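Letter by letter, the chains look like this.
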Amino acid sequence: MRKPLMAGNWKMNKTIPDAVSFIKELKNTVADVKDVEILVCPTFTALYAVNNELKNSSAKLGAQNIFWEEKGAFTGEISPSMLKDAGCSYVIIGHSERRQYFGETDETVNKKTKAAIAAGLIPIVCVGETLKEREENITFKIIEKQVKEGIANLSVQEAENIVIAYEPVWAIGTGKTATPEQAQEVHEFIRKIYRQMYATAADKVRILYGGSVNPCNVSDLMKKNDIDGGLVGGASLKIEDFAKLINFAK
Ligand code: PGA
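As a convention, each chain's residues are numbered from 1 in the sequence order in which they are written. The predicted nature of this model means local features are confined to residues of pLDDT at least 70 and side-chain atom pairs, given and counted, to a pLDDT of 80 or more, with totals for whole chains, interfaces and linings taken over all residues. Just so you know, side-chain values use all the structure's heavy atoms and leave hydrogens and water out.

Before going further, it helps to examine the site of the ligand. Nearness of a residue to a molecule or strand requires only that one of the residue's heavy atoms be within 4 Å of it. Surveying the vicinity of the ligand reveals 13 residues, the closest of which are K11, H95, E167, G173 and S212. Here a polar contact means two N or O atoms within 3.5 Å. Within protein one must be a hydrogen donor candidate and the other an acceptor candidate, and residues neighboring in sequence count only if both atoms are side-chain atoms. The side chain of E167 places a nitrogen or oxygen atom 2.6 Å from an oxygen atom of the ligand. Using the Shrake-Rupley algorithm and a 1.4 Å probe, accessible areas are obtained, with residue cover drawn only from the displayed protein chains. Protein chains shield 94% of the accessible area of the ligand, which is 280 Å² for the free molecule. A breakdown of the residues in the shell around the ligand according to their chemical character gives 4 nonpolar, 7 polar and 2 charged. Amino acid classes used here: Ala, Val, Leu, Ile, Met, Phe, Trp, Tyr, Cys and Pro are nonpolar; Asp, Glu, Lys and Arg are charged; the rest, including Gly, are polar.

Next up, the structure:
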């Protein structure tokens, strides 16, 4: 019922030529994939070129950040309609690196989420606890706050079309993946909270797992009921690895 989504978050990597040649290869490698939605999220500077290369491919384009205002004196920011203009259909919002290094809060995450939806973009809203929070046994409390405040005030229809990514901060870029059981436990909890907020939208919303997903652990993660895909950093930068992730069921 929920189509799996494999999303590559390239973070601050790849020049325009690097990005374009990656997409050329990706298109050939995954041309016959129908049952998994493929998404790449390059840096802002490569979006337009990557979009041109993605024409005639089913893979989608996403950005890694967005600002909530439409235009004006906001030096250095990119508006929702500018992302649409560059060919994006998705945007990652509230990644833990943005929360940690750039001061993003659940309040700004909510503003960005609403602005993205209003522009016709699909937000991928990231939530996740730090190692300290997990050790203090407050994972569920943290996740509940991030979901309730970051994804507040949507209609049921809007709520079913967004994507949520659970990314435990301690698993990002560390090689330390959450076990499929640890991930499933939190994904199930997120769906429970979401049901309280948006009723039946909880059955439709896709919840991705992120944090050191790689070709060896992907199939066990994807077997879990509430894991609907991956938000992948490191392993999405190498074509062989990303292709293996997309073909997780083979
Ligand atoms: P990682 O990053 O796969 O390199 O751990 C995931 C992410 O930050 O989205």
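Having seen it, we continue.
A separate point is empty space enclosed by the protein. Lining residues are defined by having an atom within 4 Å of a point belonging to a cavity or pocket. Those points lie on a 1 Å grid over the protein atoms alone, cavities being sets where a 1.4 Å probe fits but cannot get out and pockets being open sets with protein on both sides within 12 Å along at least five of seven lines. Grid points are joined across faces, edges and corners, and a volume is the space filled by probe spheres set on the points. For the coordinates displayed, the defined rule picks out 1 cavity of 30 Å³ or more. Roughly 30 Å³ of internal volume is contained in the largest cavity. Contributing to the lining of the largest cavity are G94, S96, R99, C126, V127, G128, E167 and V169. Within the residue set of the lining of the largest cavity, elements represented by two or more residues are helix 4 (96-102) and strand 5 (122-127). A run of H or I in DSSP counts as a helix once it spans at least four residues, and a run of E counts as a strand once it spans at least two, with each numbered from the N terminus.

With that settled, consider the environment of V213. Position of V213 relative to the elements: it lies in the loop between strand 7 (206-210) and helix 11 (218-222). Using a relative accessible area of 7% as the deciding quantity, one classes V213 as buried. When the C-alpha positions of V213 and S236 are compared, they lie 9.2 Å apart, and in sequence the two are 23 residues distant. By the convention used here, residues are in contact when the closest approach between their heavy atoms is within 4.5 Å. Setting aside anything within four residues of it in sequence, one finds V213 in contact with V218, L221, V232, A235 and L245. For every residue, the accessible area obtained with a 1.4 Å probe (protein chains only) is divided by the maximum for its type, and the residue is called buried under 20%, exposed over 50%, and partly exposed between those limits.

Another aspect to go through is the pattern of salt bridges. In what follows, salt bridge is the name for a side-chain nitrogen of Lys or Arg lying within 4 Å of a carboxyl oxygen of Asp or Glu. Applying the stated criterion across every chain yields a total of 21 salt bridges. Of the charged contacts in the structure, one is a salt bridge between R206 and E37, with a shortest N-O distance of 2.8 Å. In this pair, R206 is assigned in strand 7 and E37 in strand 2 (residues 37-41), connecting sequence segments 169 residues apart. The exposure class assigned to R206 is buried, which follows from its relative accessible area of 12%. Given a relative accessible area of 10%, E37 falls into the buried group. For E181, the salt bridge is made with K224, and the minimal N-O distance between the two is 3.4 Å. In this pair, E181 is assigned in helix 9 (residues 180-198) and K224 in the loop between helix 11 and strand 8 (229-232), connecting sequence segments 43 residues apart.

To continue, consider the nonpolar core. Only buried Ala, Val, Leu, Ile, Met, Phe, Trp, Tyr and Cys residues count toward a nonpolar core, and they belong to the same one when joined by side-chain atoms within 4.5 Å. The biggest cluster of nonpolar side chains holds 65 residues, and the ones touching the most others in it are M6, L26 and Y194. The leading source of residues in this core is helix 9, at 7 residues. In contact with L26, not counting residues within four places along its chain, are I38, V40, I239, F242 and I246. Counting 12 residues, the second largest nonpolar core, distinct from the first, contains L5, C41, Y90 and I92.

Sheet architecture is closed into a barrel: 8 strands sit in the order 1-2-3-4-5-6-7-8, paired in parallel fashion. Across this sheet, the average inter-strand angle for adjacent strands is 25 degrees, counted without regard to direction. As judged from the 4 bridges shared by strand 6 (residues 163-166) and strand 7, these two strands associate in the parallel manner. When the sheet's bridge partners are listed, Y166 is paired in strand 7 with Y209. Here, a strand pair is defined by DSSP locating no fewer than two bridges between the strands. Think of each axis as a best-fit line through the C-alpha atoms, taken over the contacting stretch in the case of a helix, with angles from 0 to 180 degrees between the N-to-C directions.

All right, on to the packing of aromatic side chains then. Only Phe, Tyr and Trp rings take part, Trp by its six-membered ring, and two of them pair if their centres are within 6.5 Å. Stacked means planes under 30 degrees apart, edge-to-face means over 60, and tilted covers everything else. The final tally for this structure, using the stated rule, is 8 aromatic pairs. Between F67 and F74, the aromatic rings sit 5.1 Å apart at their centres with planes inclined by 50 degrees, giving tilted as the arrangement. The class for F67 is buried, based on a relative accessible area of 12%. F74 sits in the partly exposed class, given a relative accessible area of 35%. Where Y101 meets F102, the ring centres are 6.4 Å apart and the plane angle is 90 degrees; that geometry is what we call edge-to-face. The exposure classification of Y101 matches that of F102, with both residues exposed.

Attention now moves to the layout of surface pockets. The calculated volume of the largest pocket comes to roughly 400 Å³. As for the largest pocket, its lining consists of 14 residues, and the residues nearest its centre are K11, M12, Q64, R98 and F102. Here the lining of the largest pocket gets 4 residues from one element, more than from any other, and that element is helix 4. When its residues are assigned to classes, the lining of the largest pocket shows 6 nonpolar, 5 polar and 3 charged.

All we've got here are geometric facts, nothing functional implied.
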